[in-house]
Amino acid sequence: MTTLDVLYSGGPILTLVGDSPTYVECLGVSDGRIAYAGPADGAEVSSTTQRVDLAGAALLPAFYDAHGHLIAAAHQLEQAWLRGEKVPSIPSLIEALRAKAAERPLEPGDWIVGAGWHAAVLEEQRPPTADELDAVSTEHPVIAIHASGHTCSVNHKALELAGFTPGCPEMPGGVIHRVEGTDIPNGYLEEAPLFHMRSLMAPTKPSRYVELVSAAMLDWAANGFTTAQEDVLGSGAPDDIPMLSAAADAGLLMELLVYAEPKHYDAALAAFPGSDADYVKGVRTRGVKLFLDGSLGGQTAWTTEPYAGRDSSDAGCCGVPTSSPEVLAEIFERFYDSDVQIQAHQNGDRAVDQFLEAVAAARVVHGDLDKRPIAIHAQLVRPEQWQQMRELGVVPSLYPTALSAQGDIVAMAVPDRLEWFNAARTALESGIRFSAHNDAPLVPMSGVALLDGLVNRRTESRAQVAPEQRIGMHDALKSITVWAAYQHFEDDVKGTLEVGKYADLVVLDRDPLTVNPEEILGVRVLETIRRGTTIFQVAR
């Protein structure tokens, strides 16, 4: 038996092995892996073994980021946050952008950036316009990114840089909104024009690359995560890849899974040669990310039926498809029969249809391969689609924090389909192992917020939406640990407390299984441990 480096005891140690809660008295770690899990009298200790008394705190597998944007979060540390009590209106949003711009001297070409606003929580109940954002600056481009990450408002300087001038044509896969009765862009952009705008944004100063990525990873660690993701590397900002490369050379706090849009995949892999097979400098280039539609909150998710209050004859009444079947078929032909995992952003049920049709077609050609294509968000899913996912081997990654971020807004958009909205219970009953994610930084990183979304299903006003779709805490925990690891073919080394797996652990101030579900948001992360080494700890 291996002599242990560390032995944990003195609190509930929840393994998450099996379908029902399983605890062990002690957990031993050696060389960064779990070497013992069992009763105290079976542990092989020596004079050098460090004994850790949990003092009643709970020890669990560390949380696993099933879908997020770590590099975008690093960039966002330089942006204004446009949500919350301090930003109730468009004038206050303008002031928040001005305040961020005043934090440092602006050089020619610098952008003023903010994110997080939503029209439904602004007093004006509409997006800011280019005229209004000109009050922030007329010399520098200004962009205010919507909470969904799929729409934005910009000033006239930004419109000019993007070529969105009076009379300009629409971009396929998106909308350039116009001043009513004219062909003049009003500054509000949806989908493709937003992503074009983001590609023009000034890069972060290279001297700050390592500092910003380290700060973002520390935020992940402070919330109990030891595996992070960046799911559109190269698309979020022009310097995504150089920023990650610099941070990886300096040493990453945790492992990072990378996905990229197909057009950026080769560049992402070239930055970390060999990372398609294993981690290189802490980075694993795992696959490609596709976009099939927009957001439910912004009513750009592609649905089969119109949004509430929208006439079926209105353009965009059922959202916006952002990828043609032909393009999707080409991507599946290129990547499906390889080790490159395919994931696709899909919020509306019609977008889910499109993805399932593409997977089914690929399986006809290539057979029943275990590829685990990922249905990202899968927010509005019809009951029969869950069964199709199971049969096709699709792994959905649900977005339960969308309930607390924009649940009231979604409830107004699809009031007749709320039982389909992040339908975790239906997914479980269909025999599906799903993951759950924050989509940080679009929603702040938080493991306990994910648990709250799954077991309580409360909106930003704490109203409860489709309570029949709630699930139990044990399954909720598995969705952010072992099922998330399964999604990425890492459940053999991560996700449960079993001998041989990595000692990726989180210490919580109490056992989530014994907490009143309505109090889960009060649970605190005390310590996060990666491969046996503490990467975050609060004073105890």
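Residues numbered from 1 in each chain as written. Predicted model: local features only at pLDDT ≥ 70, side-chain atom pairs only at ≥ 80, totals over all residues. Heavy atoms only, no water.

Chemist: Please set out the overall build of the protein chain residue by residue, giving values where relevant.
Modeler: Per the secondary structure count, the protein chain includes 16 helices and 24 strands. Relative to a compact globule of 540 residues, whose C-alpha radius of gyration would be 24 Å, the protein chain shows 23 Å and is just as compact. Burial statistics for the protein chain: of 540 residues in total, 60% are counted as buried. Relative to all contacts within the protein chain whose residues are 6 or more apart in sequence, the contacts with residues 24 or more apart total 71%. Per element, the accessible surface of the protein chain, about 20,100 Å² overall, is 52% carbon and sulfur. The centroid of the 41 positive side-chain charges in the protein chain is displaced by 3 Å from the centroid of its 73 negative side-chain charges. (Helix = DSSP H or I, 4+ residues; strand = E, 2+ residues; numbered from the N terminus. Rg over C-alpha atoms; globule rule 2.2 N^0.38 Å. Buried < 20%, exposed > 50% of the residue type's maximum accessible area, 1.4 Å probe, protein only. Contact = heavy atoms within 4.5 Å. Areas by Shrake-Rupley, 256 points an atom, 1.4 Å probe, with all protein chains shown as cover. Lys, Arg positive; Asp, Glu negative; His and termini not counted. Charge placed at Lys NZ, Arg CZ, Asp CG, Glu CD.)

Chemist: Can you tell me about the environment of Ala43, naming the residues and giving the values?
Modeler: With respect to the helices and strands, Ala43 occurs in the loop between β5 (33-38) and β6 (50-53). Along the primary structure Ala43 and Leu380 are separated by 337 residues, whereas in three dimensions their C-alpha atoms are 48 Å apart.

Chemist: Could you give me a rundown of the nonpolar core, with the residues and numbers involved?
Modeler: Grouped together as the largest cluster of nonpolar side chains are 90 residues, with contacts concentrated most on Leu70, Trp220, Leu244, Phe332, Phe355, Met389 and Phe434. Apart from the residues within four sequence positions on either side, Trp220 is in contact with Asp65, His69, Leu70, Ala73, Phe225, Thr227, Ala228, Gln229, Met254, Ala440 and Met445. (Core = buried A, V, L, I, M, F, W, Y, C linked by side-chain atoms within 4.5 Å.)

Chemist: Kindly report on the packing of helix α8 (residues 262-271) against helix α9 (residues 325-335), identifying the contributing residues and their values.
Modeler: Running from amino to carboxyl end, α8 crosses α9 at an angle of 30 degrees, the nearest separation of the two axes being 12 Å. In terms of orientation, α8 lies roughly parallel with respect to α9. Between α8 and α9, the residues in contact are Pro262, Tyr265 and Asp266 and Ile331, Arg334 and Phe335, respectively. Among the residues making up the contact of α8 with α9, the classes are represented as four nonpolar, no polar and two charged. (Axes fitted to C-alpha atoms, helices over the stretch in contact; angles between N-to-C directions. Parallel < 35°, antiparallel > 145°, perpendicular 65-115°, else oblique. Nonpolar A, V, L, I, M, F, W, Y, C, P; charged D, E, K, R; others polar.)

Chemist: So what about the pairing of strand β16 (residues 255-260)? Which residues, and what values?
Modeler: Extensive coverage of β16 is indicated by the burial of six of its six residues. The side-chain alternation of β16 yields two buried faces, one formed by Glu255, Leu257 and Tyr259 and the other by Leu256, Val258 and Ala260. As judged from the four bridges shared by strand β15 (residues 225-230) and β16, these two strands associate in the parallel manner. Within β16, the position partnered with Ala228 by the bridge is Leu256. Tracing the backbone out of β15, into helix α7 (residues 240-250) and back to the parallel element β16 gives a crossover that is right-handed. The sheet contact formed by β16 and strand β17 (residues 283-291) spans five bridges and is parallel. (Pairing = 2+ DSSP bridges. Right-handed = clockwise from strand over helix to strand, strands pointing away.)

Chemist: Give me the lowdown on the side chain of His474, citing residues and values where you can.
Modeler: Positionally, His474 belongs in helix α15 (residues 473-479). Residue His474 is classed as buried on the basis of its relative accessible area, which comes to 8%. Setting aside its immediate chain neighbours within four residues, His474 contacts Leu16, Gly18, Asp19, Ser20, Pro21 and Leu513.

Chemist: Would you mind going over the side chain of Thr481 in detail, with residue names and values included?
Modeler: Its location among the elements puts Thr481 in the loop between α15 and α16 (482-487). Not counting residues within four places of it along the chain, the set of residues in contact with Thr481 comprises Leu16, Pro61, Ala62, Phe63, Tyr64 and Gly495.

Chemist: How would you explain the state of the cysteines if you had to name every residue and give the values?
Modeler: Scanning the model with the defined rule gives zero disulfides in all. This cysteine, Cys318, is not joined by any disulfide, and Cys317 carries the nearest cysteine sulfur, 3.8 Å off. (Disulfide = S-S within 2.5 Å.)

Chemist: Quick one: what's the story with the sheet that holds β5, residue by residue and with numbers?
Modeler: In spatial order, the strands read β5-β4-β1-β6; together these four strands make up an open sheet with mixed pairing. Two strands close off the open sheet at either side, each with one partner strand: β5 and β6. Between one strand axis and the next, the sheet turns through 20 degrees on average, direction left out of account. Summarising the sheet, strand β1 (residues 6-9) and strand β4 (residues 26-30) pair through three bridges and their orientation is antiparallel. Across the sheet, Tyr8 pairs through a bridge with Leu27, a residue of β4.

Chemist: Explain the packing of aromatic side chains residue by residue, including any values.
Modeler: Here the structure, examined in full by the defined rule, presents seven aromatic pairs. Following the ring pairs from residue to residue traces out a cluster consisting of Phe332, Tyr336 and Phe355. We note Arg433 situated over the ring of Tyr486; from NZ or CZ to the ring centre the distance is 3.8 Å. In this structure, Arg531 is placed above the aromatic ring of Tyr502, and the distance from its NZ or CZ to the ring centre is 3.5 Å. (Phe/Tyr/Trp six-rings, centres within 6.5 Å; stacked < 30°, edge-to-face > 60°. Lys NZ or Arg CZ within 6 Å of the ring centre and 35° of its normal.)

Chemist: Describe the pattern of salt bridges, and please don't skip the residues or the numbers.
Modeler: Going through the model one piece at a time under the given rule, you end up with 28 salt bridges. In this structure, the salt-bridge partner of Arg350 is Glu357, at a minimum N-O distance of 3.9 Å. On the basis of relative accessibility, which here comes to 24%, the residue Arg350 falls in the partly exposed class. Close ionic contact of Arg510 with Asp509 constitutes a salt bridge, the shortest N to O distance being 3.3 Å. Residues joined by salt bridges that share partners form a network here, namely Glu255, Glu490, Lys494, Arg530 and Arg531. (Salt bridge = Lys/Arg side-chain N within 4 Å of Asp/Glu carboxyl O.)

By themselves, these are just geometric observations and shouldn't be taken as functional.
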